[in-house]
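Secondary and tertiary structure notes
One letter stands for each residue in the lines below.
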Amino acid sequence: MAIKLIANYSKRLGLPGYSSHQFSVSVETELLATDDLEAESERLYHLLQSNVDQQILETGFVPPSTYGMDESGAPTGGQSENRSDSSPNNITRWPNGTAWKCSDKQRDLVLKIVAENQLDKKGVEALAVERFGKGVRLLNKMEASGLIDELLDRYGGKQKGGGNSRNRSAYSGGNRRRAA
């Protein structure tokens with residue numbers, strides 16, 4: 001009686017821009033006896049693993065961070081336009097340039113603080129670069145939270161009643177233990 005042995009090996013690697021690629025190999029063989037099962041399984045696993053690892057080294061197309069977005073940062077609906085923002089650090093284009101990495105609410109709050117306090121966007125951009133090593137639009141949610149805390153501390157963190165009692169983000173160094 002022949003025994004059918006089916007082996008699969010798959011690997012997925014994360015790439016920049018929330019992209020990934022995956023490669024998978026499957027093989028099916030027949031064994032004449034069960035005493036070969038363990039050795040044959042091990043042999044197939046190592047064979048598949050080495051082949052997948054060798055093939056997955058070549059990443060192929062990796063989309064840029066603006067892939068699938070129009071000038072406003074909204075999805076293009078699958079159209080693949082080859083755009084390049086010739087001035088990615090141009091602060092005056094915050095709302096219309098590269099999509100923001102933080103949440104929409106965080107983006108809106110940063111823009112509101114800038115507008116209400118008539119802040120120089122270049123100065124806010126410089127603050128983000130100084131604190132996080134990247135521009136405002138490239139900040140993730142945690143980094144944006146730290147920037148918002150900094151902006152509120154400098155330009156508008158006072159609550160009614162005169163105290164600055166808002167919650168601090170963990171990123172800005174204001175992590176305090178909360179009562180259980």
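In what follows, the accompanying structure is described. From a predicted model like this one, the values you see are computed outputs, not experimental measurements.

Regarding the environment of Leu-37
Its location among the elements puts Leu-37 in helix α1 (residues 37-56). As for Leu-37 and Ile-3, which are separated by 34 residues in sequence, their C-alpha atoms are 8.8 Å apart. The contact partners of Leu-37, leaving out residues within four places of it in the chain, are Leu-5 and Leu-31.

Some details on the environment of Arg-12
Tracing the backbone shows Arg-12 in strand β1 (residues 3-15). Judged by its relative accessible area of 55%, Arg-12 falls in the exposed class. Spatially, the C-alpha atom of Arg-12 lies 8.7 Å from that of Ser-24, the residues being 12 residues apart in sequence. Setting aside its immediate chain neighbours within four residues, Arg-12 contacts Ser-20, His-21 and Gln-22. In this structure the side chain of Arg-12 is engaged in a polar contact, spanning 3.4 Å, whose partner is the side chain of Ser-20.

Section: the pattern of salt bridges
Scanning the model with the defined rule gives 9 salt bridges in all. Residues Glu-150 and Arg-131 are paired through a salt bridge, measuring 3.3 Å at the closest nitrogen-oxygen approach. On the criterion of sequence distance, the pair formed by Glu-150 in helix α4 (residues 141-155) and Arg-131 in helix α3 (residues 121-132) is long-range, its members being 19 residues apart. With relative accessibility at 29%, the residue Arg-131 sits in the partly exposed group. In this structure, Glu-150 engages Arg-154 in a salt bridge whose closest nitrogen and oxygen atoms are separated by 2.8 Å. With Glu-150 and Arg-154 both in helix α4 and 4 residues apart, this pair spans about one turn of that helix. Note on Arg-154: relative accessible area 46%, which makes it partly exposed. Ionic contacts of the salt-bridge type, sharing partners, join the residues Asp-104, Arg-107 and Asp-108 into one network.

Parameters at a glance
Residues numbered from 1 in each chain as written. Predicted model: local features only at pLDDT ≥ 70, side-chain atom pairs only at ≥ 80, totals over all residues. Heavy atoms only, no water. Helix = DSSP H or I, 4+ residues; strand = E, 2+ residues; numbered from the N terminus. Contact = heavy atoms within 4.5 Å. Buried < 20%, exposed > 50% of the residue type's maximum accessible area, 1.4 Å probe, protein only. Polar contact = N/O pair within 3.5 Å; in protein donor to acceptor, adjacent residues only side chain to side chain. Salt bridge = Lys/Arg side-chain N within 4 Å of Asp/Glu carboxyl O.

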